[in-house]
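Structural characterization, general
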Amino acid sequence: MERIETIYKNYVDDLYAYGLHLGFSASSVMDAIHNVFQKLLLNKNLSYADNAKPYLLKSVRNELLDEYKRSKKFLSYETDIEILPFNLDVNVEDVLLEKESKSFLKTKIDTALKSLTPRQREIIYLRYTQDYNYQQISEILNITVPACRNLILKALKYLRKNNAGEFYLFLSCGSS
């Protein structure tokens, strides 16, 4: 119990931010987080100690998607989880830029990110904001490592092709 409480305190903010980026309401995200931790408390045989954060992100994502599917079950068409609107907000350090150039750069990066598909925005977030490796991202998104690499490569090629040069500065500052 004490260990799960520590894990909760360490990761709840990241899980909450991730759920909001996926486009879900704050109450839905908190419900999903609490459902995941309730399952952890009930099933003490789960092995998540080595990769707690990726495991929790994947669990919260799956919980949110399951709830989304349940809420749409009465619709006559099939919903596609690939089209969930992943929202990525950009935070640029005040130390790096003056107020005017920060606003300009943020607008340019926001525009570049909005030109990507929701899946590409999500993978850019996981790779460069959360600093996950390809294996961890592939586990969170339930895709293969080559598919993960391919998706990131396509997103970066698209950004380069569309003159989002400042975006690379943003990415290189975000990952060490």
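Owing to the predicted nature of the structure, the values given are computational and were not obtained by experimental measurement.

Each value, and the rule that gives it
- Residues numbered from 1 in each chain as written.
- Predicted model: local features only at pLDDT ≥ 70, side-chain atom pairs only at ≥ 80, totals over all residues.
- Heavy atoms only, no water.
- Helix = DSSP H or I, 4+ residues; strand = E, 2+ residues; numbered from the N terminus.
- Phe/Tyr/Trp six-rings, centres within 6.5 Å; stacked < 30°, edge-to-face > 60°.
- Buried < 20%, exposed > 50% of the residue type's maximum accessible area, 1.4 Å probe, protein only.
- Polar contact = N/O pair within 3.5 Å; in protein donor to acceptor, adjacent residues only side chain to side chain.
- Contact = heavy atoms within 4.5 Å.

Moving on to unusual backbone geometry. Here D131, not a glycine, exhibits a phi torsion of approximately 60 degrees, which is positive. With respect to the helices, strands and loops of the structure, D131 is situated in the loop between helix 5 (118-129) and helix 6 (134-141). A positive phi angle is found at N142, which is not glycine, with a value near 60 degrees. Within the secondary structure, N142 is located in the loop between helix 6 and helix 7 (145-161).

Of note, E122 is situated in helix 5. Note: C-alpha distance between E122 and L141 (19 residues apart in sequence) is 9.3 Å.

For the rest of this paragraph, the subject is the packing of aromatic side chains. In the structure shown here, the tally under the stated rule is three aromatic pairs. Ring plane angle 80 degrees and centroid distance 5.0 Å describe the contact between Y8 and F37, whose orientation is recorded as edge-to-face. With Y8 in helix 1 (residues 2-21) and F37 in helix 2 (residues 26-42), this pair connects stretches of sequence that are 29 residues apart. According to the relative accessible area criterion, Y8 is partly exposed, its value standing at 24%. Where Y18 meets Y125, the ring centres are 6.0 Å apart and the plane angle is 15 degrees; that geometry is what we call stacked. You can see Y18 sitting in helix 1 and its partner Y125 sitting in helix 5, a full 107 residues away along the chain. Note on Y125: relative accessible area 3%, which makes it buried.

Right, let's get into the side chain of Q130. In this fold, Q130 is placed in the loop between helix 5 and helix 6. Looking at Q130, the relative accessible area reads 16%, which means it is buried. Side chain to side chain, Q130 and K53 meet in a polar contact 2.8 Å long. For Q130, the residues in contact, after removing those within four places along its chain, are D14, K53 and Y125.

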